[in-house]
Amino acid sequence: MRRSAKDTEESAAILSRRGLVLGGGMAVVTGILGLRMRHLQVDQADQFRLLAEENRINIRLLPPARGQIFDRNGLLLAGNEQNYRVTMVRDEVDDPEKVLRDLAQLIPMTQEDMERAREELRKRSRLVPVTIADRLSWEDLSQVAVNAPALPGITPEVGLSRIYPRGADFAHIVGYVGPVSDYDLSRIEDKDPLLQIPKFQIGKTGSENKMEHELRGKAGTKRVEVNAIGRVMRELGRDESQKGANVQLTIDATLQNFVQARLAGESAAAVVIDVETGDLVSIGSAPAFDPNLFVRGISVKDYGGLTNNKYRPLANKAVQGTYPPGSTFKMVTALAALEAEEIRPDETIRCFGYTEVANRRFHCWKRGGHGRMNLRNSLKQSCDVYYYDLAQRVGIEKISAMARRLGLGERHDVPMSAVASGLMPTKAWKRENRDNDWVIGDSLNASIGQGFVLTSPLQLAVMTARLATNRAVSPRLVKSVDGVETPSGAGEPLGLSDEMMAHVQGGMFAVANESGGTAYGTRIADKSMRMAGKTGTSQVRNITKAERARGVFRNADLPWERRDHALYVGFAPADAPKYAIAVVVEHGGGGSTAAAPIARDIMLAAQTGGMPPLSAYPSAQRGRVSSALKKLEVWGLDEPKAPDSQA
């Protein structure tokens, strides 16, 4: 059947419309694809370029140089030295075990070193450089560099390591650094990525620890190009790290060396403070140790020798140790009584050798008693009964309040490890901590620095500085940070009358300069450098009635750990105070025989800036003193010279 012309025209029209629809649809799709391509290639070009760079570029941290620590005169106490080491990136090694064996053929590596390296490689990210060996010699590093093509993943490097050129002198003050441990990471809130670097060192003790934030510095970065499997192809650029801040301490390194030498052979501590500024010019603790041993990795033998030593060389006795202050506390009780107007300086109290309270006898150190004592003589001869009487008049609350006013029972803010607060007891304290009421006997014991009272050598030095100046002197250990001076510790007036303070200062002067004073035997003959002071002896054992009846054992007849602690506090020059000192000799016996001679030598060294001059000693003592001073192992000090007129 033949189609008409009309039907043919209609069919053609339909096909034409379909073509237009299809063509239009294709044009729309093509337009959408074009727009999408333009969006991806033009509008989002920067974003995709960044993604590509992140796949191609690896960012690595550059550890900063640690800030250095100096003494008040600019002598280096903690610095950095070059350290040659070898690192490995696990991701760049197909067979790390073989590389370790090959490396061991070139440089000294023990089985322990190998195992430690394996452990670090297992623990760390495959892209983090792990230190395989450090503190290498230049020859060993050269061997590795020459054979580098045969050691995939191994890189010889030059880094920095901490060094303490003054050794044991500053071990307890500056402290030491060591690698970040898992324990460190668990307790440090700081999320600094530097802490994740294997063997990155942080402060462990002392100022190194307490000033970690200032000393550490800021990490830098370097951008390296890596291939498809993460191996480094080239370095593209770097942002250098920022060195840590330099810290200047108030300590005088020369005096500190003399103090450590003078304390040698004892378990002891000494603190010297500048009363005008609060600057701590020396903080000695003996015995000490070499902090460089810890930086380099201390041996089991060396560490055992430190921990098993009964003199506890790792402890900083100057700030951590707390001791009954004994008679060095009597100035506190005297001031509390004077301020409360419970005693007049010229009023006398009779000492029969003991005071009886509640059917219990509280004995004076002098068995037969001192007779009548006024304030000056009670300090001069250290009469206990005088202070037993004051304690009953004043009470523990006022005594404790005065002690805190003078810096006892307070944790002083100095950047050192485990600074002790000591203990100034009150009635409330005993109820809360001993579940018992305060009794009058507790007050009597506290009045002579026994019983519950505990103080550190640092606190005793601060107390003495405040007694010398009548100001609230505060200890300062950091002189400046990156050249910026820290606030002075001179302090505001204590609010005690000058007359009242003069009576106490006069008693301290009599102790060290008048015949019959407990420290007269260790007086300073040179009037321009004379010291005012107070001896102290604190018991570490109870003396039974039976022992008193037959006679108290001499310290020399007792085992070392049962002997009394010896203490001395003082300031000089007596008429224009510049320095205050506190000395504690653990189980040293009497303060006048063990602590006072040390304090005298140190105070003379502080005032003269060198070895104590023999002319400052009583003439009868110069031969013995000269022999003793010559035996001291000190640096930078001349031997003592005899006075020109009495050589």
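Our subject is the structure listed above.
### Observations regarding the overall build of the protein chain
Piece 1. Scanning the protein chain from N- to C-terminus turns up 22 helices and 21 strands.
Piece 2. The proportion of buried residues among the 647 residues of the protein chain is 49%.
Piece 3. Within the protein chain, residue pairs in contact and separated by at least 24 positions form 72% of the contacts whose partners lie at least 6 positions apart.
Piece 4. For the protein chain, the accessible area works out to roughly 31000 Å², and carbon and sulfur atoms hold 50% of it.

### Some words on helix α5 (residues 138–146)
Piece 1. By the burial criterion, the buried members of α5 are D140, L141 and V144. One face of α5 carries all of its buried residues, which in axial projection span an arc of 100°. Turned more than 90 degrees off the buried face of α5, the exposed positions are W138, E139 and V146.
Piece 2. Against β3 (76–89), α3 (96–104), β4 (129–136) and β5 (154–163) lie the buried residues of α5.

### Re the sheet that holds strand β21 (residues 579–585)
Piece 1. If you walk across this open sheet you meet the 5 strands as β12-β11-β21-β20-β19, and the pairing is antiparallel. The sheet is open, and its two borders are formed by β12 (280–286) and β19 (532–538), each paired with just one other strand. When strand polarity is set aside, the average angle formed by the axes of neighbouring strands in this sheet is 5°.
Piece 2. Sheet topology places strand β11 (residues 268–274) next to β21; 7 bridges connect them, and they run antiparallel. Opposite D274, over in β21, you have Y579 as the bridge partner.
Piece 3. Sheet contacts for helix α19 (residues 498–513): β19 and β20 (565–572); angle to β19, the most-contacted strand, approximately 75°.

### Overview of the packing of aromatic side chains
Piece 1. Inspection of every chain in the model, using the stated rule, returns 10 aromatic pairs.
Piece 2. Seen in terms of ring centroids, Y84 and W138 are 5.4 Å apart; in terms of plane orientation they differ by 55°. Their pairing is tilted. A residue pair is termed long-range when its members are at least 10 positions apart, and Y84 in strand β3 and W138 in helix α5 qualify at 54 residues.
Piece 3. Of the residues examined, Y84 reaches a relative accessible area of 18% and is grouped as buried.
Piece 4. Overall, W138 belongs to the exposed group, its relative accessible area being 51%.
Piece 5. An angle of 65° between the planes, with centres 6.0 Å apart, marks the rings of F362 and Y388 as edge-to-face. Highlighted residues: F362 in strand β15 (residues 360–363) and Y388 in helix α14 (residues 384–394), separated in sequence by 26 residues.
Piece 6. Directly above the ring of W635 sits R166, whose terminal nitrogen or CZ lies 4.5 Å from the centroid.

### What about helix α4 (residues 111–123)?
Piece 1. Taking 1.5 Å of rise per residue, the 13 residues of α4 would be expected to cover 18 Å, and the 18 Å separating its terminal C-alpha atoms lies within 8% of that figure.
Piece 2. The elements touched by buried residues of α4 are β3, α3 and β4.

### A word on the environment of W560
Piece 1. Relative to the helices and strands, W560 resides in the loop between α20 (545–550) and β20.
Piece 2. Classification of W560 as buried rests on a relative accessible area of 15%.
Piece 3. Sequence spacing of W560 and G588 is 28 residues, and the spatial spacing of their C-alpha atoms is 8.2 Å.
Piece 4. Non-local contacts of W560, meaning those with residues more than four positions away in its chain, are made with S267, K310, Y311, E586 and H587.

### Concerning the environment of Q248
Piece 1. When you line up the elements, Q248 lands in strand β10 (residues 247–249).
Piece 2. Taking C-alpha positions, Q248 is 8.0 Å from G483, a pair spaced 235 residues apart along the chain.
Piece 3. Here Q248 is in contact with F70, D71, R72, N73, G74, L477, V478, K479 and S480, once residues within four sequence places are set aside.
Piece 4. A distance of 3.3 Å separates a polar atom in the side chain of Q248 from the backbone oxygen of D71.

### A short note on the pattern of salt bridges
Piece 1. Going through the model one piece at a time under the given rule, you end up with 35 salt bridges.
Piece 2. The salt bridge partner of R361 is E356, with a shortest N-O separation of 3.8 Å.
Piece 3. On the basis of relative accessible area, R361 is assigned to the partly exposed category, the value being 44%.
Piece 4. With relative accessibility at 49%, the residue E356 sits in the partly exposed group.
Piece 5. Beyond isolated ion pairs, a larger network of salt bridges with shared partners links R66, R162, D192, E208, E212 and R216.

### Focus: unusual backbone geometry
Piece 1. For the bond running from A286 to P287, omega is -5°, close enough to zero to count as cis.
Piece 2. Tracing the backbone shows P287 in the loop between β12 and α10 (292–296).
Piece 3. Cis geometry marks the peptide bond from A572 to P573, where omega comes out at -15°.
Piece 4. Within the secondary structure layout, P573 lies in the loop between β20 and β21.
Piece 5. A positive phi is found at E341, a non-glycine position, where the angle reads about 60°.

Rules behind the numbers
Residues numbered from 1 in each chain as written. Predicted model: local features only at pLDDT ≥ 70, side-chain atom pairs only at ≥ 80, totals over all residues. Heavy atoms only, no water. Helix = DSSP H or I, 4+ residues; strand = E, 2+ residues; numbered from the N terminus. Buried < 20%, exposed > 50% of the residue type's maximum accessible area, 1.4 Å probe, protein only. Contact = heavy atoms within 4.5 Å. Areas by Shrake-Rupley, 256 points an atom, 1.4 Å probe, with all protein chains shown as cover. Arc of directions from axis to C-beta. Pairing = 2+ DSSP bridges. Axes fitted to C-alpha atoms, helices over the stretch in contact; angles between N-to-C directions. Phe/Tyr/Trp six-rings, centres within 6.5 Å; stacked < 30°, edge-to-face > 60°. Lys NZ or Arg CZ within 6 Å of the ring centre and 35° of its normal. Expected span 1.5 Å × (residues − 1). Polar contact = N/O pair within 3.5 Å; in protein donor to acceptor, adjacent residues only side chain to side chain. Salt bridge = Lys/Arg side-chain N within 4 Å of Asp/Glu carboxyl O.

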